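Observations on the three-dimensional arrangement
So you can see what is in the structure, the chains are spelled out below.
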Amino acid sequence: SDTNDIRSADDTSNNYGPNATTSPKMPSIPPPQPPKLLPSVRSLPNDKSLCPLCRRIRVNPVASTSGHVFCHRCLVMHIREHDGRCPLTGLPCPESRIVRIYEPTESMDHRSVEENS
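Report on the accompanying structure. (Residues numbered from 1 in each chain as written. Predicted model: local features only at pLDDT ≥ 70, side-chain atom pairs only at ≥ 80, totals over all residues. Heavy atoms only, no water.)

Brief notes about helix 1 (residues 72-81)
For helix 1, the set of buried residues is Leu 75, Val 76, His 78 and Ile 79. For helix 1, the buried positions fall inside an angular range of 165 degrees around the axis, keeping them on one side. Projecting away from the buried face of helix 1 at angles above 90 degrees are the exposed residues Arg 73, Arg 80 and Glu 81. Where helix 1 is buried, its residues touch strand 1 (61-63) and strand 2 (69-71). Positive phi appears at Asp 83, one or two residues downstream of helix 1, with a value of about 50 degrees. (Buried < 20%, exposed > 50% of the residue type's maximum accessible area, 1.4 Å probe, protein only. Helix = DSSP H or I, 4+ residues; strand = E, 2+ residues; numbered from the N terminus. Arc of directions from axis to C-beta. Contact = heavy atoms within 4.5 Å.)

Printed below as a string of structure tokens:
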């Protein structure tokens, strides 16, 4: 027997990896609640692909620090004109903290089909 192996030969428990026989008990943690909207925000579009500012299909989608998704141009124009604040929550949203969101497009879908052929 290998002296570096601290498990005995009859220890068949496997607590890690794809063949784990027991799963560790993790506490259930609910997701955080979304930030409250400004009172001036009447409603958000039902269609999640629409920008809440221009109400059109988002172009070059980005997420604000509050997690809401906008067209890049719409969000940048707003925060430059409104002291770096999220248009929906009023929370600080510096331009440097905007996150680009990559969504599949039709051209990407066609390219991946051609690459797999």
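Okay, back to it.
Observations concerning the sheet that holds strand 1
The antiparallel open sheet is built from three strands, whose spatial order is 2-1-3. At either margin of the open sheet sits one strand with a lone partner, and together these are strand 2 and strand 3 (99-100). (Pairing = 2+ DSSP bridges.)

Things to note about the side chain of His 78
If you trace the backbone, His 78 turns up in helix 1. If we skip the residues at most four places from it in the chain, His 78 touches Leu 53, Arg 85, Cys 86 and Pro 87.

Some points on the state of the cysteines
Linking two cysteines covalently via their sulfur atoms produces the bond known as a disulfide. Applying the stated criterion across every chain yields a total of zero disulfides. Here Cys 71 is not disulfide-linked; the sulfur of Cys 54 is the nearest cysteine sulfur, at 3.8 Å. (Disulfide = S-S within 2.5 Å.)

Some points on the nonpolar core
Formed by Val 41, Cys 51, Val 62, Phe 70, Cys 71, Leu 75, Val 76, Ile 79, Cys 86, Leu 88, Cys 93 and Ile 98, the largest nonpolar core amounts to twelve residues. Mapped by element, the contributors of at least two residues to this core are strand 2 and helix 1. Here the element with the most residues in this core is helix 1; it accounts for three residues. Setting aside anything within four residues of it in sequence, one finds Ile 98 in contact with Val 62, Ala 63, Leu 75, Val 76, Ile 79 and Cys 93. (Core = buried A, V, L, I, M, F, W, Y, C linked by side-chain atoms within 4.5 Å.)

Topic: the environment of Pro 34
Its place among the elements puts Pro 34 in the segment before strand 1. Separated by 32 residues in the primary sequence, Pro 34 and Ser 66 place their C-alpha atoms 7.7 Å from one another.

With respect to the side chain of Arg 58
Tracing the backbone through its elements, the reader meets Arg 58 in the segment before strand 1. A polar contact is formed between the side chain of Arg 58 and the backbone oxygen of Lys 48, at a distance of 2.4 Å. Aside from chain neighbours lying at most four places away, what touches Arg 58 is Lys 48, Ser 49, Leu 50, Cys 51, Val 69, Phe 70, Cys 71 and Glu 103. (Polar contact = N/O pair within 3.5 Å; in protein donor to acceptor, adjacent residues only side chain to side chain.)

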